[in-house]
Amino acid sequence: MDIRKITSLIFLGLITCNAENLAGKVISINDGDTLSVLTKDNTQYKIRLNHIDAPESKQSFGSKSKQNLSNYVFGKNIIVDYKNKDRYGRILGTIIYQGNNINLMQVKDGFAWHYKQYSNAKEYILAEQEARKLKKGLWTENNPIEPWAFRKEKRQWNVFLVLIAEKSYTEI
């Protein structure tokens, strides 16, 4: 065996050692990229799906994305592969059900974007390109708005409303 193969195997082993997994039943679907799992010891975990960003609830295709995720895993026993938590304390994980990567399925079905700001995973890039080409899910729209752009616009609008309210209050 040559040194490159040995190095690759060692590297893969280190990655695998750093990853953890969690098994449990999906008890709620918050939206197209967040769900809750209950483990056998009755501990509940909120999971944010890695590599993807789904439309927000009040955004076009938000409810369809949530329903698609629900169709795959609600009430099912799943495995969550993860390494980290996000700033809100949610586990950032990949959902595995019957050997399928559900995060990737959300992108393939056209109900989530590949979250390029946090992931450079090739399979997600290719899945999004294919979904766009086939006009699946949200890609039936001419110019779907990315969830991160939708959230930014909503924050800016909220700031504007606060400024208007403060100005009106000081004029009273």
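For the structure, see preceding data.
Residues numbered from 1 in each chain as written. Predicted model: local features only at pLDDT ≥ 70, side-chain atom pairs only at ≥ 80, totals over all residues. Heavy atoms only, no water.

**Concerning the pairing of strand 1 (residues 20-31)**
- Inspection of the sheet shows strand 1 paired to strand 5 (residues 77-85) by 6 bridges, in the antiparallel sense. If you follow alanine 23 over to strand 5, its bridge partner there is isoleucine 79.
- Across 5 bridges, strand 1 lies against strand 2 (residues 34-38) in antiparallel orientation. Across the sheet, aspartate 31 pairs through a bridge with threonine 34, a residue of strand 2. (Pairing = 2+ DSSP bridges. Helix = DSSP H or I, 4+ residues; strand = E, 2+ residues; numbered from the N terminus.)

**So, the pattern of salt bridges**
- In the structure shown here, the tally under the stated rule is 8 salt bridges.
- With a closest N to O distance of 2.8 Å, arginine 132 and glutamate 128 form a salt bridge. Of the two residues, arginine 132 and glutamate 128 are both situated in helix 4 (residues 122-133); the distance of 4 residues between them amounts to about one turn of the helix.
- Under the relative-accessibility criterion, glutamate 128 is labelled buried at 4%.
- A single salt-bridge network, built from bridges that share partners, covers Asp33, Arg48, Asp53, Glu56 and Arg151. (Salt bridge = Lys/Arg side-chain N within 4 Å of Asp/Glu carboxyl O. Buried < 20%, exposed > 50% of the residue type's maximum accessible area, 1.4 Å probe, protein only.)

**Quick notes on the environment of lysine 46**
- Positionally, lysine 46 belongs in strand 3 (residues 44-49).
- Each C-alpha atom, one on lysine 46 and one on arginine 90, is 5.3 Å from the other, the two residues being 44 residues apart in sequence.
- Filtering out sequence-adjacent residues up to four positions away, lysine 46 remains in contact with Asn30, Thr34, Leu35, Ser36, Arg90 and Ile91. (Contact = heavy atoms within 4.5 Å.)

**What to know about the pairing of strand 6 (residues 91-97)**
- Most of strand 6 sits inside the fold, with 5 of its 7 residues counted as buried.
- In the sheet, strand 3 pairs with strand 6 via 3 bridges, with the strands oriented parallel. Across the sheet, leucine 49 pairs through a bridge with glycine 93, a residue of strand 6.
- The hairpin formed by strand 5 and strand 6 contains 5 residues between the paired strands, and glycine 89 there has a positive phi angle of roughly 85°.
- Bridge count between strand 6 and strand 7 (residues 100-101): 2 bridges; the pairing is antiparallel.

Just geometry here; none of it tells us what the structure is for.
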